[in-house]
Amino acid sequence: MKLNKIFLMAAALLAAVFASCSDDDSYSPGAQAGSYDVSFASQANQVLGKTATEFTITLHRGNGSGELTVPIEKVTVPEYCTVPEKVTFANGNTLATFKVAVASTIPFNTEYDFEIRIPETYTHPYKAQTMYPIYRVKLTKEDYTEVGTAVLNDVFYAEAKSNIKIEYSPSLELYRIPNMFATGYPFFFKWDKQSGSKQTFYFTDATGEKGTKFETGLKYKTHGMVSVTAYSTPAGTGDDFMGYNADENKFYLPFEWTVSAGSFGNGTIYIEDIKFTH
């Protein structure tokens with residue numbers, strides 16, 4: 001009898017152990033795939049102009065049947081931005097847009113993280129796709145305005161002329177030539193509006209830090225990106241001069257042109273026929 005009691009106690013103890021393990025390791029199924037398949041149509045960074053007060057975001061859904069209202073979850077939103085709580089797809093539409101309001105007090109030329117998302121019940125988490133339920137971008141508002149036009153005379157590499165714009169940021173005290181050689185590759189420079197050897201003129205990065213080597217956006221065969229390196233200063237003379245010449249209304253830009261395999265050599269190009277508007 002005593003032996004039976006021992007076996008009964010052991011069995012009860014084992015049952016308690018298994019029950020405890022079952023409680024700790026209880027199975028929880030993953031979230032069900034949503035039937036709406038809602039996602040953000042693009043993930044492009046937002047660069048706003050000086051007078052912009054809002055920007056637009058577009059949602060996409062897999063099926064346009066019926067009206068559908070989708071909540072917007074805020075993950076990382078700057079204090080200067082106001083995001084709507086929800087957006088509605090009209091019946092028959094697979095696209096819906098909404099606007100994010102941006103306060104006029106947002107600092108210029110400051111990069112902010114911006115992230116919102118769609119609740120998982122409205123998405124298709126197990127579907128391979130190019131659009132995603134999370135919208136994660138960088139947000140910047142610029143104060144660049146166009147102050148002039150000119151002609152880029154590339155007599156060294158492209159041996160061609162092209163029309164360009166010259167912009168200026170008062171907050172950074174910085175000039176910019178957007179898309180100088182190729183789309184998406186701007187050039188930045190500091191200049192005190194003087195001429196000759198006494199002027200202040202040098203190239204910078206987007207923040208105003210002095211730099212010398214920059215990617216042009218041009219590609220050369222299998223050697224990849226073409227870069228340029230400034231090799232002189234306004235104190236130079238002749239082919240070594242870099243900066244603005246008032247007598248000719250022309251910027252001299254002496255560069256060394258390089259790719260991964262080596263150098264094309266030194267060659268000066270020009271920004272000429274400048275027409276400043278202010």
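Residues numbered from 1 in each chain as written. Predicted model: local features only at pLDDT ≥ 70, side-chain atom pairs only at ≥ 80, totals over all residues. Heavy atoms only, no water.

Visitor: I'd like a description of the nonpolar core, backed by residues and values.
Guide: Among the nonpolar cores identified, the biggest contains 29 residues, and Met180, Phe203, Phe251, Leu253, Phe255 and Ile271 are the most heavily contacted of them. Tallying contributions element by element places strand E19 (residues 250-259) first for this core, with 5 residues. Setting aside residues up to four positions removed in sequence, Phe255 forms contacts with Phe187, Phe203, Val228, Thr229, Ala230, Tyr231, Gly265, Asn266, Gly267 and Ile269. Residues Val83, Val87, Tyr112 and Ile116 belong to the second largest nonpolar core, which totals 27 residues. (Core = buried A, V, L, I, M, F, W, Y, C linked by side-chain atoms within 4.5 Å. Buried < 20%, exposed > 50% of the residue type's maximum accessible area, 1.4 Å probe, protein only. Helix = DSSP H or I, 4+ residues; strand = E, 2+ residues; numbered from the N terminus. Contact = heavy atoms within 4.5 Å.)

Visitor: An account of the sheet that holds strand E8 (residues 95-102) is requested, with residue identities and associated values reported.
Guide: As summarised here, the arrangement of the 4 strands in space is E1-E3-E8-E6, forming an open sheet in which the pairing is antiparallel. The strands lining the two open edges of the sheet, one partner per strand, are strand E1 (38-40) and strand E6 (81-82). Relative to E8, strand E3 (residues 54-61) runs antiparallel, the two sharing 7 bridges. Across the sheet, Ile57 pairs through a bridge with Phe98, a residue of E8. (Pairing = 2+ DSSP bridges.)

Visitor: Explain the environment of Val102 to me, using residue names and the numbers behind them.
Guide: Of note, Val102 is situated in strand E8. For Val102, a relative accessible area of 6% puts it in the buried group. Spatially, the C-alpha atom of Val102 lies 7.8 Å from that of Phe55, the residues being 47 residues apart in sequence. Setting aside anything within four residues of it in sequence, one finds Val102 in contact with Leu48, Thr53, Glu54, Phe55, Tyr80 and Cys81.

Visitor: Mind laying out empty space enclosed by the protein, listing which residues take part and the relevant values?
Guide: Inspection of the entire model under this criterion finds 1 cavity of 30 Å³ or more. Of the voids in this model, the largest cavity is the one considered here, and its volume is about 40 Å³. If you go around the largest cavity, the residues you meet are Ile177, Met180, Phe187, Phe189, Phe201, Phe203, Phe251, Leu253 and Ile271. Of the residues that constitute the lining of the largest cavity, the class distribution is 9 nonpolar, no polar and no charged. (1 Å grid on protein atoms, 1.4 Å probe; cavity = no way out; pocket = protein on both sides within 12 Å on 5 of 7 lines; lining within 4 Å. Points joined across faces, edges and corners; volume = space filled by probe spheres on them. Nonpolar A, V, L, I, M, F, W, Y, C, P; charged D, E, K, R; others polar.)

Visitor: How would you sum up the pairing of strand E17 (residues 225-230)? Please name residues and give values.
Guide: If a strand is regular, its side chains alternate between the two faces of the sheet. For E17, the tally of buried residues reaches 6 of 6 residues, placing the bulk of the element in the interior. Burial of E17 is two-sided: the residues Met225, Ser227 and Thr229 facing one way and the residues Val226, Val228 and Ala230 facing the other way are all buried. Across 4 bridges, strand E16 (residues 213-219) lies against E17 in antiparallel orientation. When the bridges of E17 are listed, Glu215 appears paired with Ser227. Turn length for the E16-E17 hairpin, with the two strands adjacent in sequence and antiparallel, is 5 residues, and the turn residue Lys221 shows positive phi of about 45 degrees. Looking at chain direction, E17 and E19 are connected through 4 bridges and run antiparallel. Opposite Ala230, over in E19, you have Phe255 as the bridge partner.

Visitor: Give me the side chain of Asp143: which residues, what numbers.
Guide: Relative to the assigned elements, Asp143 resides in the loop between strand E10 (134-141) and strand E11 (145-154). The buried charged residue Asp143 lacks any salt bridge, with Lys50 as its nearest oppositely charged partner at 6.1 Å. Within the structure, the side chain of Asp143 is placed 2.9 Å from the side chain of Asn109, a separation counted as a polar contact. Of the polar contacts made by the side chain of Asp143, one reaches the backbone nitrogen of Ser171; its length is 3.0 Å. If near-sequence neighbours (up to four positions away) are discounted, Asp143 is found in contact with Lys50, Phe108, Asn109, Tyr168, Ser169, Pro170 and Ser171. (Lys, Arg positive; Asp, Glu negative; His and termini not counted. Salt bridge = Lys/Arg side-chain N within 4 Å of Asp/Glu carboxyl O. Polar contact = N/O pair within 3.5 Å; in protein donor to acceptor, adjacent residues only side chain to side chain.)

These results come straight from atomic positions and should not be treated as a statement about function.
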